[in-house]
Amino acid sequence: MKKWNLNWMSAVLWITSMTLFTSCLEGGRNTVSDTTIGIVRFDTKTFRNVLDVYGGTFYAPQFETMQEGACCIVVYELDFNAPENDATLLQANGYYTVTISYKEDIDKYTLSSIVTDTTTVLTDETAVMDPTYNLLAYLKGVLFMAHQLKKGSDQRDLWHLSYDPQATITEESGRQIYNVYLRATVRVSSIKTQEDGYDLCAYDMKYFLESAAQNAKNAGSSVFNIRFNYVSEIGEETLAWKYKDIEMNVTDILQETTN
């Protein structure tokens, strides 16, 4: 799976320059304190909900009440010397048991094959500053991204990501570019001062990205580009669109989607 070497964001705090699974010795303790994002999976071997993360799988009681496929960001501590992380249990269960000090659900969306009218303002639509402020990870067919926009601190948004199956690919200077369209609407408005804000979202894009990666591989390319078309300004009845291209690695996508 792919983890981009970029800063991460949660809605409550910024956590920067982190290295997953970097252990530290404190008075003989062999522990990790870190942050990660993951996807909940019901494990049929142990009959528990676990969290698949970059580099492995975690268990904690907080995952038990979550739905399978749900996404979250967690601050955790992993004690390698804890009895529940004994090598025998680890091999039998297939996961580390961790202590969670913070958990926040991540809104998960599915890439739609129906593009809304790009000339019409949606109800309660809000402009986007940067569609891919951070690409965080690609895990089990889900792309995690942080979007940047102006918002009050208690504003809640809905995100819409779509593509046109009949007009997805364009060619520019020998590059394959796959067009997607990102829009945001306000679900819960705010009267607080609008500032630079960030929404962390997860998008199920397995088929789309896997197809793009396979097409690029068949064409002899190791990369392909996703063009995020987004609404940058909103008038009374008009929209201004911009775009941002993101280069994706074929191997990262195809290796992850086979796991």
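Residues numbered from 1 in each chain as written. Predicted model: local features only at pLDDT ≥ 70, side-chain atom pairs only at ≥ 80, totals over all residues. Heavy atoms only, no water.

> Explain the overall build of the chain to me, please; I cannot follow it from the model alone.
Counting secondary structure elements, the chain contains three helices and 19 strands. Among the 259 residues that make up the chain, the fraction classed as buried is 45%. Relative to all contacts within the chain whose residues are 6 or more apart in sequence, the contacts with residues 24 or more apart total 70%. Carbon and sulfur atoms make up 47% of the accessible area of the chain, which totals about 13,200 Å². (Helix = DSSP H or I, 4+ residues; strand = E, 2+ residues; numbered from the N terminus. Buried < 20%, exposed > 50% of the residue type's maximum accessible area, 1.4 Å probe, protein only. Contact = heavy atoms within 4.5 Å. Areas by Shrake-Rupley, 256 points an atom, 1.4 Å probe, with all protein chains shown as cover.)

> In this structure, what is going on with unusual backbone geometry? I would like to understand it.
Backbone geometry at Asp-124 places phi at a positive 60°, although glycine is not the residue there. Considering the arrangement of structural elements, one finds Asp-124 in the loop between strand E10 (99–110) and strand E11 (125–126). One non-glycine residue, Lys-140, lies in the positive phi region at around 55°. Along the chain, Lys-140 turns up in the loop between strand E12 (130–139) and strand E13 (142–151). With a relative accessible area of 37%, Lys-140 lands in the partly exposed category.

> It is not clear to me how the environment of Asp-199 should be interpreted in this structure. Could you clarify?
Within the secondary structure, Asp-199 sits in strand E17 (residues 195–204). Spatially, the C-alpha atoms of Asp-199 and Arg-156 are 8.7 Å apart, while their sequence positions differ by 43 residues. Polar contacts involving the side chain of Asp-199 include one to the side chain of Trp-159, which spans 2.8 Å. (Polar contact = N/O pair within 3.5 Å; in protein donor to acceptor, adjacent residues only side chain to side chain.)

> Is there a simple way to think about the pairing of strand E16 (residues 175–188) in this case?
For a regular strand, side-chain orientation follows a simple rule: the groups alternate between the two sheet faces. Here two bridges tie E11 to E16, and the two strands are oriented antiparallel to one another. By the bridge assignment, Thr-126 is partnered in E16 with Ala-184. The pairing of strand E14 (residues 156–162) with E16 spans seven bridges and is classified as antiparallel. From the neighbouring strand, Asp-157 faces E16, where its bridge partner is Val-186. Bridging between strand E15 (residues 169–172) and E16 involves four bridges; their strand directions are antiparallel. Note on E16: the bridge partner recorded for Ile-169 is Tyr-178. Counted along the chain from E15 to the antiparallel partner E16, the turn is two residues long, and its residue Ser-173 has a positive phi close to 50°. (Pairing = 2+ DSSP bridges.)

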